[in-house]
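Structural description and commentary
What follows is the residue order along each chain.
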Amino acid sequence: MSRHSHPAFHIENPHALPADEVLRAIESRSEGLSGDEAAKRLEAVGPNRLPAPPRDGLLKRFFKHFNDLLIYILIAAAAVTALLQHWIDTGVILAVVLINAIIGFLQEGKAEQALEGIRKMLSLHAHARRDGEWAELEAEALVPGDIVRLRSGDRVPADLRLIEAVNLRVEESALTGESVPADKNTEPAAMEAGVGDRHGAAYSGTMVAAGRGVGVVIATGAATELGRINKMIAEVETLATPLTRQMNRFGKILSVVIVGMAGLLFVAGRLLHEFSTNELFLAAIGFAVAAIPEGLPAILTITLALGVQRMARRNVITRKLNAVETLGSVTVICSDKTGTLTRNEMTVRHVVTRTGSYDVSGEGYQPEGAITLDGREAALDRHPDLRALVEVMAVCNDSDIGEEDGRWKVTGEPTEGALRALARKAGFAGDDYERVAVVPFESENKFMATLNRVPGGGARILLKGAPDGLLDRCGRQLATEDSTEDLDRAFWERHIEELSDRGMRVLGAAARDVDTGTGDLSLEDLGGEMVFLGVVGIVDPPRPEAIEAIKICHTAGIRVKMITGDHAGTAKAVGREMGIGDGEHAVTGPELEAASDEDLRRLVRENDIFARTSPEHKLRLVQALQANGEVVAMTGDGVNDAPALKRADVGVAMGIKGTEATKEAAEIVLADDNFTSIERAVEEGRTIYDNLRKAILFIMPTNGAESLVILTAVLFGLVLPLTPVQILWVNMVTAVTLALALAFEPAEPGVMTRPPRKPGASILGGVFLWRIGFVSALIGGATIAVFLIERRLGGPLEQVRTMAVNTLVFGQMFYLFNSRFFRESSVRPGLLFTNRAAWLAVGALLVLQLGFVYAPFMQLWFGSAALEWRHWLVPLGIGAAVFLLVEAEKAVIRRFEDRAA
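This text gives an overview of the structure that appears in the document. (Residues numbered from 1 in each chain as written. Predicted model: local features only at pLDDT ≥ 70, side-chain atom pairs only at ≥ 80, totals over all residues. Heavy atoms only, no water.)

1. With respect to the overall build of the protein
We apply this condition: Only runs of H or I of at least four residues qualify as helices and only runs of E of at least two qualify as strands under DSSP, and these elements are numbered from the N terminus. Note on contacts: a residue pair qualifies if any of its non-hydrogen atoms lie within 4.5 Å across the two residues. Methods summary: accessible areas were calculated by the Shrake-Rupley approach with a probe of 1.4 Å, and residue burial reflects only the protein chains presented.
What the protein contains, in helices and strands, is 32 helices and 28 strands. Across the protein, contacts joining residues at least 24 apart in sequence account for 72% of those joining residues at least 6 apart. A total accessible area of about 37,000 Å² is found for the protein, and carbon and sulfur atoms account for 57% of it.

2. Some points on the nonpolar core
Keep this limit in mind: Definition used in this section: a nonpolar core is a set of buried Ala, Val, Leu, Ile, Met, Phe, Trp, Tyr and Cys residues joined via side-chain atoms within 4.5 Å. Note on exposure labels: buried denotes an accessible area under 20% of the residue type's maximum, exposed denotes more than 50%, and partly exposed covers the range between, all computed with a 1.4 Å probe on protein chains only.
Among the nonpolar cores identified, the biggest contains 73 residues, and Phe698, Trp729 and Leu738 are the most heavily contacted of them. When residues of this core are assigned to their parent elements, the largest contribution, twelve residues, is made by helix H25 (residues 675-715). Apart from the residues lying within four places of it in its own chain, the contact partners of Leu738 are Phe698, Val733, Gln812, Met813, Leu816, Ala841, Val842 and Leu845. Residues Ala556, Ile558, Ala611 and Val652 belong to the second largest nonpolar core, which totals 42 residues.

3. What about the pairing of strand S26 (residues 632-636)?
Rules: Two strands pair if DSSP finds at least two bridges between them.
With respect to burial, S26 is a largely interior element, five of its five residues being buried. Burial along S26 is two-sided: Val632, Met634 and Gly636 facing one way and Ala633 and Thr635 facing the other are all buried. Inspection of the sheet shows strand S9 (residues 332-335) paired to S26 by three bridges, in the parallel sense. Looking across to S26, one finds that Cys334 is bridged to Met634. The pairing of S26 with strand S27 (residues 650-654) spans four bridges and is parallel.

4. A word on a nonpolar patch on the surface
For clarity, the cut-off: Patch definition: residues with relative accessible area over 30% and no salt bridge; like charges joined within 9 Å; nonpolar side chains (Val, Leu, Ile, Met, Phe, Trp, Tyr) joined within 5 Å. What counts as a salt bridge is simple: a side-chain nitrogen of Lys or Arg found within 4 Å of a carboxyl oxygen of Asp or Glu.
There is a patch of nonpolar side chains on the surface, built from Val267, Leu271, Leu272, Leu715 and Phe716 and spanning about 540 Å² of accessible area. Its location among the elements puts Leu271 in helix H9 (residues 242-273).

5. Notes on the packing of aromatic side chains
Definition in use: Here a pair means two rings of Phe, Tyr or Trp (six-membered ring of Trp) with centres within 6.5 Å. Their orientation is stacked below 30 degrees between planes, edge-to-face above 60, and tilted elsewhere. A ring has a charge above it when a Lys NZ or an Arg CZ is no more than 6 Å from the ring centre and no more than 35 degrees off the ring normal.
Applying the stated criterion across every chain, the model contains 14 aromatic pairs. Arranged with centres 5.9 Å apart and planes meeting at 50 degrees, the rings of Phe852 and Phe862 form a pair that is tilted. Pair noted here: Phe852 is in helix H30 (residues 836-854) and Phe862 is in helix H31 (residues 856-862), with a separation of ten residues, a long-range link. A single burial state applies to Phe852 and to Phe862, both of which are buried. Where Phe857 meets Trp861, the ring centres are 5.6 Å apart and the plane angle is 80 degrees; that geometry is what we call edge-to-face. Here Phe857 pairs with Trp861, and both are found in helix H31, just four residues apart, close to one helical turn. Among the residues examined, Trp861 registers a relative accessible area of 45% and is labelled partly exposed. Among the aromatic residues, those joined into a cluster by ring pairs are Phe810, Tyr854, Trp869 and Trp872. When the ring centre of Trp134 is taken as origin, the NZ or CZ atom of Arg149, which lies over that ring, is 4.5 Å away.

6. Some thoughts on the sheet that holds strand S23 (residues 559-563)
Defined as follows: In this analysis, axes come from line fits to C-alpha atoms, helices being fitted only over the stretch in contact, and the angle between any two N-to-C directions falls in the range 0 to 180 degrees.
The eight strands are arranged S8-S28-S27-S26-S9-S23-S25-S24 in an open sheet whose pairing can be described as mixed. In this open sheet, the two edge strands, each paired with only one partner strand, are strand S8 (316-318) and strand S24 (587-588). Packing of helix H19 (residues 568-578) onto the sheet brings it into contact with S23, S24 and strand S25 (609-611), and relative to S25 it is tilted by some 155 degrees.

Listed below in structure tokens is the structure:
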């Protein structure tokens, strides 16, 4: 049992118990603990901090890159060459293995630091009562039973059951996803209430937005809600990416084939031609080295790294290379609502008075937009009903908005910030109203009132808050500029219900003129004589660009699901605006709680909107989607999103509003917090996957041709046309120069109009396998022919082998231009120069090949020899023939596919 869950201090469902009962159960009192008792408890439960995660050491992280079947075969080949004392072969093979491991080690980038990010959220200090006196303590020293004081601006230092609360409001969006701070009081909540509905508790890591309170510590460290999420992140198993799964499967099949074929080669050589054991080992090693695409891991890594750079230019920061490619295969994007699909900036959308229903344009706190009535702009001097309501909303207000670093932000309550923006749009300043007295907002009353001196003389009580409470305090309503009439409660309730059904938060406004000499304000002054002025509907508006991005995702065959901690009504309203789901159905937290795993798999198939979700729900939803065979991208910005982000195939965090914990749990961070960037990232991911397939389609015929050469030589009892180190040379230079050029290919047309590739689909389809076999036979056959003809003409072995190497290299060089397009013709002048990297790669390869042929040290290492200029013409002609033959094969396949369609 962990020290943090010490049984003496664990209370079941403290949020559902009265505060005095919790105090008794935890053996504490309102005067706080004594120093001695606190020390004993600290010894029993441990410090109030989250446990550090275990981490692999540097060496373990490095050596795991050798844990690959193909690498094992290469290491075995190096061991055999060492036993045969072919030291140069051994050195070259081991160098290739080491280079691959180093590239893999460097590609990992930053290690997982999600837990560290959560630890940073914990409060550093706390005001606690010890020995009857208030004292400032290190938050780590808090123990269950401590009495803690909260003030506006404080970070809550541990999980608390509130025993006092005065106008207390806590910003819990990091835990619940709700845009608006939660009202807190001391009353028990329902047993089954989720974190967002436990109004009598405050949770570690959340922020006090307003008011003050006192609470008793009910959990510290790992036992807190934050600690529970922390533990979930640590326990979440990350799945292998689709590319990793495909490459692992490909590697295993290839390994079995290579080892089997090398064994058969050994036996055939002994039975058919009585080769010596030495010769057979070298031939088998030559075959193994030929068949293994040594350059492929490096090309995969470099292609992904180049993709990362391109994505960074599109505001998408990638923390793990494989995530880039995985994005291209996603079938479902699960998005948080607040801050991702919406702006997380409250905005007034509608104003309703007795004489008109006004629309308000503009987004967020930026005071740009217009107030219109029936499509025409409504000026305050022509609409006194609107002016009276705006006056209340602007003057009876303790918050302000201002521009900071090019963005408009609120200082204070988000809802009041929206009302300030409304006043600015209406052209109402309200600076010349002198405040005389105030009744502050309290969660019991849900309203705020001020007494103000009005410009031009007189005094007025201004009242704003929850409309139900305001209607109870009003007997009349504003009809025209100077007249009032009896309150029509049914009229207002109808409009309030209509706005609420559209997912809006509704606030009412009322006012009453009083004597100029009035100097104070009490609840009695807010009796039934107030005049009701109207209501406003406030939303957290959808991002307009996200609506378009969701349409593109649907076209690309990707389902978008909204998973939020907010209320079902709000979620459905946002869904309607954004084109997610049918806008009528939302699955809620309690329904998810009651669902079995099988039910959940059905629910995620049939529904796209999920509301009032907890971190566990989000995690289960991702797991259910994955169980249905989906590739899932999950977005989020709060700590509550971190476990689901870690489990998803691609976790996407928000860079501006995201918490550190979320960023560290994610593979991808959006620098601009914009859903549109995810759609762009998916497009980039699909392009990268296409380019990886082109690279594989290009590299594999090299291996096929070399394997064919070795196989033919052994079966027909020939001298090996290529040595193992020459084969490694061809594999590495063609991969590092030519294949790399394919990483720079632009997106294929219609990349976002085709459906996602099937998660279990093979990386190489039937047409691919045919082309690899066809090109392998062309280049391999040409290499054997050149070797045999030149040997018959009496050429020295080193020189003839060098010509064979050149034939392989030139065949691949021309084939590069075939590989740039899967099925389209490459014989189009307009397309020949669209990828400059291809021509640079050809230039680099020619320089390397000249070094291979003429540099003395290369001749020593690789057994090459200098050639006459006429010897270069044969490989050049063979390369051109390969290009034309592959183009003819593509034309035939196109004709067949078009007929089949």
